[in-house]
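Take a look at the letters that make up each chain.
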Amino acid sequence: PSLVGSEMCIRDRFILSTACVHDRKMNPQISVCTMVKNNLTVLILLLLLGSVIGKADQKDSATAMRSVIQTQLDAFARNDAVKAYAQASPRIQSTFPNTEIFMAMVRQGYSALISPAFVSFLGVVDGSRRPIVRVLVEGRDGRRWMGFYSMVLLDDASWRIGGCFLTKLSEESA
């Protein structure tokens, strides 16, 4: 009877079976059925927990990335070169080794990001290597731009801007 009970427990592992109870009575050690049922329960709980944590991590990361970009935009608007520079990744900082050179680059190629009239964060896209944050920017002159910010996760789990590709939108998109 114990062998039959074990077979029934394995076959019906998703349902509490009276055969499991019978199997346990016949064998005081942990039955195969109980072990399978416990393992499945733990596995399901871990999968559910991982899914919830994964979604929370994604939302937290998106919020953190947005905060870094917004901090830099606010710093540009206040002409706070030190704060703006601090949001750049180590690679960007090594390419532009001080705040003066960094801000000269921003003024020359990214003037739409200095004190824009309107900013809208459009979400995060998983890039091939790094997440990309899409940002719609409207300059004080009324021209609209799409910014694609490549984000870098540092060893301390903080996000920094690894680059920005800025493209002018056509007048029809306004």
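Scoring rules and cut-offs
- Residues numbered from 1 in each chain as written.
- Predicted model: local features only at pLDDT ≥ 70, side-chain atom pairs only at ≥ 80, totals over all residues.
- Heavy atoms only, no water.
- Salt bridge = Lys/Arg side-chain N within 4 Å of Asp/Glu carboxyl O.
- Buried < 20%, exposed > 50% of the residue type's maximum accessible area, 1.4 Å probe, protein only.
- Helix = DSSP H or I, 4+ residues; strand = E, 2+ residues; numbered from the N terminus.
- Contact = heavy atoms within 4.5 Å.
- 1 Å grid on protein atoms, 1.4 Å probe; cavity = no way out; pocket = protein on both sides within 12 Å on 5 of 7 lines; lining within 4 Å.
- Points joined across faces, edges and corners; volume = space filled by probe spheres on them.
- Nonpolar A, V, L, I, M, F, W, Y, C, P; charged D, E, K, R; others polar.
- Pairing = 2+ DSSP bridges.
- Axes fitted to C-alpha atoms, helices over the stretch in contact; angles between N-to-C directions.
- Phe/Tyr/Trp six-rings, centres within 6.5 Å; stacked < 30°, edge-to-face > 60°.

Q: Got a minute to help me understand the pattern of salt bridges in this structure?
A: Side chains that carry opposite charge are capable of pairing whenever their charged atoms lie near each other. Counted under the stated rule, the structure contains 3 salt bridges. Of the charged contacts, one joins Arg144 and Glu138 as a salt bridge, the two residues approaching to 4.0 Å between their closest N and O atoms. You can call Arg144 partly exposed: its relative accessible area is 21%. Classification of Glu138 as partly exposed rests on a relative accessible area of 24%. Note that Asp141 and Arg143 form a salt bridge whose closest N and O atoms lie 2.7 Å from each other. The class for Asp141 is partly exposed, based on a relative accessible area of 47%.

Q: Would you explain the side chain of Gln87 in this entry?
A: With respect to the element layout, Gln87 can be found in the loop between helix 4 (81-86) and helix 5 (90-95). Residue contacts for Gln87: discarding those within four places in its chain leaves Val68, Thr71, Gln72, Arg160 and Ile161.

Q: What is the right way to look at the layout of surface pockets in this model?
A: Which parts of space are left empty comes out when a probe the size of a water molecule is rolled across the atoms. Here the largest pocket is characterised by a volume of approximately 190 Å³. Lining of the largest pocket is provided by 14 residues; of these, Phe102, Met105, Tyr110, Gly163 and Cys164 occupy positions nearest its centre. Those elements that provide at least two residues to the lining of the largest pocket are helix 3 (32-77), helix 6 (99-109) and strand 4 (159-168). Class assignment for the residues of the lining of the largest pocket results in 12 nonpolar, 2 polar and no charged.

Q: Honestly, the sheet that holds strand 2 (residues 131-138) in this entry has me stumped. Any pointers?
A: Strand pairing in a sheet is mediated by backbone hydrogen bonds. Such pairs are either parallel or antiparallel. Strand order in the open sheet formed by 4 strands is 1-2-3-4, and the pairing between neighbours is antiparallel. Each edge of the open sheet is held by one strand with a lone partner, namely strand 1 (118-126) and strand 4. Looking at each pair of strands side by side, their axes are set apart by 25 degrees on average, direction ignored. Pairing geometry for strand 2 and strand 3 (residues 144-153), over 7 bridges, is antiparallel. Within the sheet, the bridge partner assigned to Ile132 lies in strand 3 and is Ser150.

Q: I tried to follow the pairing of strand 3 on my own but got confused; where do I start?
A: The side chains of a regular strand alternate, residue by residue, between the two faces of the sheet. Burial runs high along strand 3: 7 of the 10 residues are buried. The turn linking strand 2 back onto strand 3 is made up of 5 residues, and Gly142 within it adopts a positive phi angle of 90 degrees. Where strand 3 lies against strand 4, 9 bridges are found, and the strand directions are antiparallel. By the bridge assignment for strand 4, Leu153 is matched with Trp159. Remark: 5 residues form the turn of the hairpin made by strand 3 and strand 4, two consecutive strands paired antiparallel; Ala157 in that turn has positive phi of roughly 70 degrees.

Q: Looking at this structure, how should I read the environment of Val137?
A: Position of Val137 among the secondary structure elements: in strand 2. The exposure class assigned to Val137 is buried, which follows from its relative accessible area of 1%. Distance from Val137 to Leu166, taken between C-alpha atoms, is 9.4 Å for residues 29 residues apart in sequence. Among all residues touching Val137, those that are not within four sequence positions of it are Ala112, Leu113, Pro116, Phe118, Arg143, Arg144 and Trp145.

Q: I keep staring at the packing of aromatic side chains and nothing clicks. Help me out?
A: Centre distance and the angle of the planes are the two values used to describe a pair of aromatic rings. Inspection of the entire model under this criterion finds 3 aromatic pairs. Judged by centre distance (5.3 Å) and plane angle (70 degrees), the rings of Tyr85 and Phe102 are edge-to-face. With Tyr85 in helix 4 and Phe102 in helix 6, this residue pair connects regions lying 17 residues apart in the sequence. The exposure class of Tyr85 is buried, given its relative accessible area of 12%. Phe102 gets classed as buried once you look at its relative accessible area, which sits at 3%. Taken together, the aromatic side chains of Phe76, Tyr85 and Phe102 make up a single cluster linked through ring pairs.

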